[in-house]
Amino acid sequence: MDKITFNVDNLINSSVKTQVKNELKDIDGIHQVEVDLGRGQVSVEYNPPATVDAIRNSIEHAGCRVKS
C-alpha cells in the first residue's frame, strides 16, 4: 500500500473537509483518507488502480488547490 500527503490550499472548514473525503472515497483503491485542516494537508493510503493524478484531480474537484 502506498501513502501520499498533499499540501492543500482552501481547506477552510469541516464542509470542505467532508467534500474532499467524499470525492476521494469514490476512487477505487483508496483505503484511508485523513484531512488535517490545521496543517492544510490531505494524506491518502491507496493501492492501484488509484493513481496520484486521480487523487490530485479529486482534491481539486472538491474546490481545493494542491500546492506543488
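Shown above is the structure to which this text applies.
Predicted model only: the values in this text are computed from it and were never measured.

A. Layout of the pairing of strand β2 (residues 30–36). Both β2 and strand β3 (residues 41–46) contribute to a ladder of 6 bridges, which runs antiparallel. For Glu34, the partnering residue across the bridge sits in β3 and is Ser43.

B. View of unusual backbone geometry. The omega torsion of the bond from Pro48 to Pro49 falls at 15°, within 30 degrees of zero and hence cis. As for its placement among the helices and strands, Pro49 is situated in the loop between β3 and α2 (52–61). Even without a glycine there, the phi angle at Asn10 is positive, about 80°. With respect to the element layout, Asn10 can be found in the loop between β1 (2–9) and α1 (14–25).

C. Main features of the pairing of β1. Bridge count for β1 against β3 is 6 bridges, and the pairing is antiparallel. Across the sheet, Asn7 pairs through a bridge with Gln41, a residue of β3. In terms of strand pairing, β1 meets strand β4 (residues 65–66) through 2 bridges, oriented antiparallel. Bridging across to β4, Asp9 finds its partner in Arg65.

D. Seen up close, the environment of Lys17. Looking at the secondary structure, you find Lys17 in helix α1. We classify Lys17 as partly exposed; its relative accessible area is 27%. Residues Lys17 and Cys64 lie 47 residues apart in sequence; the distance between their C-alpha atoms is 9.8 Å. Leave out the neighbours within four places in its chain, and Lys17 touches Val35 and Leu37.

E. Layout of the nonpolar core. The biggest cluster of nonpolar side chains holds 20 residues, and the ones touching the most others in it are Val20, Leu24, Val42, Ile55 and Ile59. Where this core is concerned, the elements lending two or more residues are β1, α1, β2, β3 and α2. Once residues lying within four places of it in the same chain are set aside, the contact partners of Ile55 are Ile4, Phe6, Leu24, Ile27, Ile30, Val44 and Tyr46.

F. Representation of α1 within the structure. Taking 1.5 Å of rise per residue, the 12 residues of α1 would be expected to cover 16 Å, and the 16 Å separating its terminal C-alpha atoms lies within 8% of that figure. Turning to α1, its buried residues are Val16, Val20 and Leu24. The arc enclosing the buried residues of α1, seen along the axis, measures out at 70°, which places them on a common side. For α1, the exposed residues set more than 90 degrees away from the buried face come down to Ser14 and Lys25. Tucked into the core, α1 has its buried residues touching β2, β3 and α2. Where α1 begins, the capping side chain belongs to Asn13, and its oxygen is found 3.1 Å from the backbone nitrogen of Ser15.

Reading guide: rules and limits
- Residues numbered from 1 in each chain as written.
- Predicted model: local features only at pLDDT ≥ 70, side-chain atom pairs only at ≥ 80, totals over all residues.
- Heavy atoms only, no water.
- Pairing = 2+ DSSP bridges.
- Helix = DSSP H or I, 4+ residues; strand = E, 2+ residues; numbered from the N terminus.
- Buried < 20%, exposed > 50% of the residue type's maximum accessible area, 1.4 Å probe, protein only.
- Contact = heavy atoms within 4.5 Å.
- Core = buried A, V, L, I, M, F, W, Y, C linked by side-chain atoms within 4.5 Å.
- Expected span 1.5 Å × (residues − 1).
- Arc of directions from axis to C-beta.
- Polar contact = N/O pair within 3.5 Å; in protein donor to acceptor, adjacent residues only side chain to side chain.

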